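Each chain is listed here by its residues.
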Amino acid sequence: MFALAGVLVVIVSVVSGYLASHGNMLALWQPFEVIIICGAALGAFMVANPLIVQKKVFTMLPQIFSGSRHNKRFYLQLLGLMYCLFQKSRQDGFLSIEEDIESPFTSELFNRFPDVVRDHEVVEFLTDNYRIFTLTGLPAYEIDAIMDNEIEQIQEELIAPSHALNRVAEALPGFGIVAAVLGIVITMGAIGGPLEEIGSHVAAALVGTFLGIFFGYGFAGPAASHLESLGAHELKAYLCIKACLNSIVSGYAPPVAVETGRKLLPPDMRPSFIELSDDLKQYR
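Residues numbered from 1 in each chain as written. Predicted model: local features only at pLDDT ≥ 70, side-chain atom pairs only at ≥ 80, totals over all residues. Heavy atoms only, no water.

The protein is annotated in an unreviewed UniProt entry as Flagellar motor rotation protein MotA from Marinomonas primoryensis. UniProt, in the comment section headed Sequence similarities (unreviewed entry), describes the protein in these words: "Belongs to the MotA family." Checking UniProt for the protein, the heading Subcellular location (unreviewed entry) contains the comment "Cell inner membrane". (UniProt positions renumbered as here; feature names shortened; annotations may be inferred.)

Colleague: So what about the side chain of Gln 77? Which residues, and what values?
Modeller: Inspection of the secondary structure assignment puts Gln 77 in helix 5 (residues 72-92). Separated by 3.0 Å, the side chain of Gln 77 and the backbone nitrogen of Asp 115 make a polar contact. (Helix = DSSP H or I, 4+ residues; strand = E, 2+ residues; numbered from the N terminus. Polar contact = N/O pair within 3.5 Å; in protein donor to acceptor, adjacent residues only side chain to side chain.)

Colleague: Quick rundown of the packing of aromatic side chains? Include the residues and the values.
Modeller: Counted under the stated rule, the structure contains 9 aromatic pairs. Residues Phe 45 and Phe 58 carry aromatic rings whose centres are separated by 5.9 Å and whose planes lie at 85 degrees to one another, so their mutual orientation is edge-to-face. With Phe 45 in helix 2 (residues 31-48) and Phe 58 in helix 3 (residues 51-60), this residue pair connects regions lying 13 residues apart in the sequence. For Phe 58, a relative accessible area of 47% corresponds to the partly exposed category. Their ring planes at 45 degrees and their centres at 6.5 Å tell us that Phe 215 and Phe 219 sit as a pair that is tilted. Highlighted residues: Phe 215 and Phe 219, both in helix 10 (residues 195-249), separated by 4 residues, approximately one helical turn. The class of Phe 215 is buried, set by a relative accessible area of 18%. These aromatic residues form a ring-pair network of at least three members: Phe 210, Phe 214, Phe 215 and Phe 219. (Phe/Tyr/Trp six-rings, centres within 6.5 Å; stacked < 30°, edge-to-face > 60°. Buried < 20%, exposed > 50% of the residue type's maximum accessible area, 1.4 Å probe, protein only.)

This is the structure in structure tokens:
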């Protein structure tokens, strides 16, 4: 909602200032300039980034307006899932959760938490590392080191979309200049013609420069910053899982283990101690 409001503020501010200066909106209608700028930027984006990063960018872009998929309900379900896993393995032994860990997406236990199951990366991180503990019995500090290495790799993957989009934002003013230069080439070809025609060609060229800068600093740059924030937000889920697994490996009771993970969640999405406690009652 705030992102959409920001987009509207950018557009309204620029357009209203232009109109207040007696500008003509029709002069800004240059669809071919937009094709040159946006088409070249998209092509450069495709050349510069592997397909997996491109998919990640387009997957994350809607979250700029809808908000992060990792909201309070997601975190309550994540903590509830880990509590159920820890409690079941403590009461019935590790063999009781083997099928759940091996096939989480068909597991009845996991599917009680639909928001979490939809995030395959988070589920795989949880099951892979819990499997390591159940199979090897490694001490907490070694499990911690294994997860640290994996989280470092995940962090690089989460910030890659923002870096990719930021490079597009930096390139857009340059593509605006490309469109402007092409407009000047067209203008040179019209030399000797009516002044009105020459003036319209020069205006179109200048609009190309404007659009490149406007798209880059007004939309693509802020969107890249927002994707970086979403990536940092998503990383909290992995840090939460790491803290919970470390606690259970160290011998803490399941309620204490999930409480250590709760404290690492983003403040605006973190359920309170009472909220978590009340939510866990349904699984006891």
